[in-house]
Amino acid sequence: MPLEVRRGFVIFAAGFVILALIWAVRLDHVPPADFAFQNGTEPRTIDPHRANGQPEGRIVFELFEGLLRMLPEGEPDPETGLQALTPQPAMAESWEISEDGKTWTFHLRDDIFWNDGSPVTAHDFAWSWTRMLHPATACEYGYLIYEVHLAEQYQTSQVAIGDPVEVELWDRPGETPTSEANVQHFPRGTICYGILRNIEKPPEPKFEDGVSENERDNQLAMWEERWVYEVETVKEDPDGTIDWGEAGELRRFSISDQVASSPSVERTHGVLVPFSQLGGAQAVDDKTFVVTLNNAVPYFLNLVAYYPLFPVNQACVEKHGAPTWTKPENIVSNGPYQLRFRRLRDRVRVEKNPKYYKADQVSFKTIDFVSLESQNTAMNMYETGQLQWVYDLPTSVIEELRQREDFHSAPKLSVYFYKLNSDVPPLDDVRVRQAISMALNRKQIVEEVTKMGELPALSVVPPGIPGYISAQGLAENVDRAKQLLAEAGYPGGRGFPKMSLLYNTSERHRPIAEVIQQQLQNNLNIKIELKNMEWGSFLDTIQQEEYEMARYGWVGDYPDPNTFLDIWVTDNPQSNTNWSNEDYDALIKAASMEFDAEKRMAILREAEEIFVRELPIVPIFFYTSAEMAKTNIEGFAPSLLDMHPLSVLRYRDGTDRTTE
Amino acid sequence: MRDVLSYLLKRAAWMLLTLWAVYTISFVLMRSVPGNPFSGERNVPPAIERQLKARYNLDAPPIEQYFDYLTGIVTRGDLGWCTWLEDYSVNQVIAQGFPVSATLAIFALVFSLILGVTAGVISAVYRKSTADVALMSAAVLGIAIPNFVLASLAILVFVFIIQLFPAGGWGTLQQVALPALCLGLPVAAYVARLTRTGMLETLTKEHVRTAFAKGLPKRTVILRHVLPGALLPVVSYLGPATARVLTGSLVLEKIFALPGMGSHFINAATQRDYTLAMGMVLTYTVLLFVMNTLVDLSYAIIDPRVKLQ
């Protein structure tokens, strides 16, 4: 290299470093928000029909608003500190219920608008509920409203011969009859309506033994795609009404492009029940929304106030498509706040929505939902005034924090337990399951390990649900446990096979598992091996039911015992315990049909009685919340569902985020 | 100049080959790990899971997925939509995360170079003095202490005891300072030791003795005749240093709640975000490859003894 090049290079390199520094210095600084808090892991999406976690939920609750909204009622309970939240009028100002409890009529307010200025109507709700239930939206909360007429058939694509159906033709934007599907949440090609007359099925594939379940499912799915649906189509009037009685021509449809290559068969995305036309969620006029249920649901208003049933703006979603419609420059919403910007794994900034009908009562102008998983970092930022509320506190300092004025703690609707796989001997023996549960010392676990003020649990429904008293579980009793174990054929733990106890890798779960391991060893002489797995593998192992005992938790979706009990019925995808009890299944079913609140609670309690004697799971404790919020925030109080409506919070007069 | 060009072309070819290998291995590894992006505490009914898989082409046979995705990357530079972070495409995530990580890395590197070289020169010139012993002990500590320990100490001192910096977050120079410091210190320590060794070696060279003999002031000799030669090992260390700063920021981003690429990388893996994890692996491969090439190139330019091959 010539000398000049080297000299030049040094100058160039120096210049490059300076340029890089200049580039790095111009940071886009944003002023702090009025209120900022720890929102846990980065929200997966802010689409109300796709969201499923708490961090997502907190954002959706503020951006959108449903017919009703969970808001504080009365003062917090002086004993527990719990603030009662009840469904209260929001987009709907009033509602009526039919005598049999199956028809709900909601009347919408007149002064409600989307933030683009267009009015919010009952049609928005009808369309949004349809979108939520459409199979391609794949909303995980669809099951919540399976009692709504046709909802379950629609979401799970069930059709029967003789049913009225809707057929979506293969003509979404960019599709040709032989192309790949243009996959979208709630896509709409041309829809035809008709009566399903026949399904022609090619011979069902036969399986040899030893074909994996996955392969079998795949083959079956491909086979179903080749079905040909014969539909007698009916005419749609220009105003959108359909005369289901007037028969039209017979057309044949199939999902498979090979089958549809025959000239007599048209290609379709699917044949579904026409939920938008005949389903249980209909707009009667612009301001009246009627919901028809198959069976009365006593907690229906709680569901209506839950975010998956919040409306989205049809024009916006159709114009931009998912997920682009959720970008700050596109999104149209109707809640107390509107989206300003999203910085990944940093924060979601929302600002007050000026078009909101109660905008004058919303206090904070801007709110930051800070994506923060580390407990220590969150605590540091709280202590230095960067955050005003943290809910995930480091265990190491909890004793100290407990003494402070800004510490809040209250029972939560959430239970921690160990699943027992009833397919694995000796866990198939109820005496063994009872022995394991009775041999534990839960008090030691909550007082010496978790230390957050958890309550030892012997049943599965947490306390605090109005009108319900949990079943009395089997009390801890080491002598009785030993006796049961002996009766089951393992006197003194002799001959008991070595079992493993599975938990997901976490500083929270390890010490609990260790204590349980020790207690079982000391009290029953059972040897348990601890096994930890990273979260994704852990979930997979449980879903494959390849475990013996596994740590799990459950958070209630709505304040009703049913949310803790109906997951254990035979073949519920959430159970994974292989436990099955006919009486239990029958009671849960009976409870879902019973509209008298008192009787219903009694039935559910009866079911829980069976459950706590059968013990397909070993309950350990009920969670309590432990959070810190600055003392100058008014309206902050823990609630059973661990929800905090942010639009009712405000700073005490004369203070702001910088003052205490 | 021709050898530079042919060298660059050769490196580019190697990079493509490496990327392809990395893509293939990552693809196979990701598909063989249990779990999928749609599993959560609440199980998804099978019908719904099928819809979700169709959306991300995960229902196709693996070999078809392999080629479809590869074609998308090569022809359109499109890494696809994130499977977990579903409102974003991988390209958008990188576009948001890269500037943060780059800013942090630039500050950390510049800081470590300035501090490391200064310390190295001082301790070489005043060899065996108290300053030398102190600086070199500090350097040993700096190399030995992992940066998450350093970060905790720094937070304790600079956030709580002397309230100088905020505890975390991103957006102001103050917020960058502490993480950049923690990220740069171990590198600075290494640079200081390299500089010192290089200086001591060069100080014994004949041209240096000649310069002193000519009666040049000490300062001129050190800056003009000793330092350039002594810095060669430092330049060659810049490649590994960049790698260290880029990967080291994975931990620091978590501690200081910074929205950089590191946090995306870790979360993509644990959340089984196939496309995002792939995008991150490929981006890091490109970054490290390019940085190493640049360092090799500059090394060859500065040091006439080095030939590019």
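What you are looking at is a predicted structure, and each value in this text was computed from that prediction instead of being measured. (Residues numbered from 1 in each chain as written. Chains lettered and ligands numbered in written order. Predicted model: local features only at pLDDT ≥ 70, side-chain atom pairs only at ≥ 80, totals over all residues.)

### Here's the deal with the overall build of chain B
So, step 1. Looking only at helices and strands, chain B has 12 helices and zero strands in total.
So, step 2. In chain B, the succession of helices and strands from N to C terminus is α-α-α-α-α-α-α-α-α-α-α-α.
So, step 3. Referenced to the eigenvectors of the C-alpha coordinate spread, the extents of chain B come out at roughly 85 × 55 × 30 Å.
So, step 4. Within chain B, the fraction of its 309 residues that count as buried is 40%. (Helix = DSSP H or I, 4+ residues; strand = E, 2+ residues; numbered from the N terminus. Buried ≥ 20, exposed ≤ 12 C-beta atoms within 10 Å, placed from the backbone.)

### A short note on the overall build of chain A
So, step 1. For chain A, the count of helices and strands is 18 helices and 24 strands.
So, step 2. In terms of its C-alpha atoms, chain A occupies a principal-axis envelope of roughly 80 × 75 × 75 Å.
So, step 3. Within chain A, residue pairs in contact and separated by at least 24 positions form 69% of the contacts whose partners lie at least 6 positions apart. (Contact = placed C-beta atoms within 7 Å.)

### Observations regarding unusual backbone geometry
Residues and elements named next belong to chain A.
So, step 1. Residues Ala-322 and Pro-323 are joined by a peptide bond in cis, for which omega reads 0°.
So, step 2. Relative to the helices and strands, Pro-323 resides in the loop between α8 (314-320) and β13 (337-343).
So, step 3. Omega for the peptide link from Pro-425 to Pro-426 comes to 5°, which places this bond in the cis form.
So, step 4. Relative to the helices and strands, Pro-426 is located in the loop between β17 (407-420) and α11 (430-438).
So, step 5. Even without a glycine there, the phi angle at Ala-138 is positive, about 55°.
So, step 6. Looking at where Ala-138 falls in the secondary structure, it is placed in the loop between α3 (122-133) and α4 (151-155).
So, step 7. Positive phi outside glycine occurs at Asp-571, with the angle close to 70°.
So, step 8. Along the chain, Asp-571 turns up in the loop between α16 (562-565) and α17 (582-593).

### A short note on the interface of chain B and chain A
So, step 1. At the junction of the two partners, chain B supplies 51 residues and chain A supplies 50 residues.
So, step 2. Contributions of two or more residues to the side of chain B that touches chain A are made by α2 (46-55), α4 (90-125), α6 (147-161), α10 (232-255), α11 (261-270) and α12 (274-302) of chain B.
So, step 3. Residues belonging to the side of chain B that touches chain A are distributed by class as follows: 27 nonpolar, 17 polar and seven charged. (Nonpolar A, V, L, I, M, F, W, Y, C, P; charged D, E, K, R; others polar.)

### Quick look at the sheet that holds strand β6 (residues 164-169) of chain A
Residue and element names in this part refer to chain A.
So, step 1. Spatially, β6-β7-β8-β9-β10 is the arrangement adopted by the five strands of the closed barrel, whose pairing is mixed. Neighbour to neighbour, the strand axes of the sheet diverge by 60° on average, direction disregarded.
So, step 2. Bridge count for β6 against strand β7 (residues 191-200) is five bridges, and the pairing is antiparallel. Looking at the pairing, Val-167 lines up with Cys-192 of β7. (Pairing = 2+ DSSP bridges. Axes fitted to C-alpha atoms, helices over the stretch in contact; angles between N-to-C directions.)

### Concerning helix α9 (residues 218-230) of chain B
All names here are of chain B.
So, step 1. For α9, spanning 13 residues, the distance from its first C-alpha to its last is only 16 Å, which falls clearly below the expected 18 Å at 1.5 Å a residue.
So, step 2. For α9, the complete set of buried residues consists of Ile-222, Val-226 and Ala-230.
So, step 3. Contacts from the buried residues of α9 go to α4, α7 (173-203) and α8 (206-213). (Expected span 1.5 Å × (residues − 1).)

### Regarding helix α9 (residues 375-383) of chain A
So, step 1. Within α9 of chain A, burial applies to Thr-377, Ala-378, Met-379, Asn-380, Met-381 and Tyr-382 of chain A.
So, step 2. Residues of α9 of chain A that are buried sit in contact with β1 (35-38), β16 (389-390) and β22 (617-629) of chain A together with α6 and α10 of chain B.
So, step 3. One or two steps after α9 of chain A, the chain reaches Gly-385 of chain A, where phi turns positive at roughly 80°.

### With respect to the environment of Gly-495 of chain A
Residue and element names in this part refer to chain A.
So, step 1. With respect to the secondary-structure elements, Gly-495 resides in the loop between α13 (478-487) and β19 (499-504).
So, step 2. Note on Gly-495: 9 C-beta atoms within 10 Å, which makes it exposed.
So, step 3. Sequence separation between Gly-495 and Ile-526 is 31 residues, and the spatial gap between their C-alpha atoms is 9.2 Å.

### Overview of the nonpolar core
So, step 1. Within the largest apolar cluster, 155 residues are counted, with the highest numbers of intra-cluster contacts made by Val-60, Leu-67, Leu-387 and Val-390 of chain A together with Leu-104, Ala-108 and Val-191 of chain B.
So, step 2. With 15 residues, α7 of chain B is the single largest residue contributor to this core.
So, step 3. Those residues in contact with Val-191 of chain B that lie beyond four places of it in its chain are Ser-112, Leu-113, Gly-116, Val-117, Gly-120, Val-234 and Tyr-237 of chain B.
So, step 4. Of all hydrophobic cores here, the second largest spans 66 residues; its members include Phe-417, Ile-516, Ile-588 and Met-601 of chain A. (Core = buried A, V, L, I, M, F, W, Y, C linked by C-beta atoms within 7 Å.)

### A short note on the packing of α4 of chain B against α12 of chain B
Residue and element names in this part refer to chain B.
So, step 1. With their axes 9 Å apart at the nearest point, α4 and α12 run at an angle of 50° to one another. As far as their axial angle goes, α12 and α4 are oblique. Here α4 runs over α12; the crossing is right-handed. Counted together, Val-90, Val-93 and Ile-94 of α4 and Thr-275, Leu-276, Gly-279 and Thr-283 of α12 form the full contact between these two elements.
So, step 2. Considered class by class, the residues forming the contact of α4 with α12 number four nonpolar, three polar and no charged. (Parallel < 35°, antiparallel > 145°, perpendicular 65-115°, else oblique. Left-handed = near helix turned anticlockwise from the far one by under 90°.)

### Let's talk about the sheet that holds strand β11 (residues 281-285) of chain A
Residues and elements named next belong to chain A.
So, step 1. Ordered by their spatial adjacency, four strands build an open sheet running β4-β5-β12-β11, and the pairing between neighbours is antiparallel. What marks the edges here is a single partner per strand, and that holds for β4 (92-97) and β11. When strand polarity is set aside, the average angle formed by the axes of neighbouring strands in this sheet is 25°.
So, step 2. Across five bridges, the pairing between β4 and strand β5 (residues 103-108) is antiparallel.

### Considering the pairing of strand β14 (residues 347-352) of chain A
Residues and elements named next belong to chain A.
So, step 1. As paired strands, β13 and β14 are joined by six bridges and run antiparallel to one another. By the bridge assignment for β14, Arg-343 is matched with Arg-347.
So, step 2. Counting the residues in the hairpin turn of β13 and β14 gives three residues, including Arg-345, whose phi is positive at 50°.

### Considering the packing of α6 of chain B against α10 of chain B
All names here are of chain B.
So, step 1. In contact at an axis separation of 9 Å, α6 and α10 are set at 30° when each is read in the N-to-C sense. One way to sum up the angle between α6 and α10 is to call them roughly parallel. Crossing of α6 against α10: the hand is right-handed. On α10, the residues touching Asn-147, Phe-148 and Ala-151 of α6 are Gly-248, Val-251, Leu-252 and Ile-255.
So, step 2. Residue classes in the contact of α6 with α10 are distributed as five nonpolar, two polar and no charged.

### A closer look at the environment of Glu-224 of chain A
So, step 1. Tracing the chain through its elements places Glu-224 of chain A in helix α5 (residues 213-225).
So, step 2. Linking Glu-224 of chain A and Pro-202 of chain A, residues 22 residues apart in sequence, is a C-alpha distance of 8.8 Å.

### Considering the confidence of the model for chain B
So, step 1. Across chain B, the average pLDDT comes to 86, with 96% of residues at or above 70.
So, step 2. Predicted complex metrics record ipTM = 0.86 and pTM = 0.88. (pLDDT = per-residue confidence, 0-100.)

### Here's the deal with the environment of Ala-457 of chain A
Residue and element names in this part refer to chain A.
So, step 1. With respect to the helices, strands and loops of the structure, Ala-457 is situated in the loop between β18 (455-456) and α13.
So, step 2. Spatially, the C-alpha atoms of Ala-457 and Pro-78 are 23 Å apart, while their sequence positions differ by 379 residues.
So, step 3. Look past the residues within four positions of Ala-457 in its chain and what remains in contact with it is Val-415, Arg-442, Pro-619, Ile-620, Phe-621 and Phe-622.

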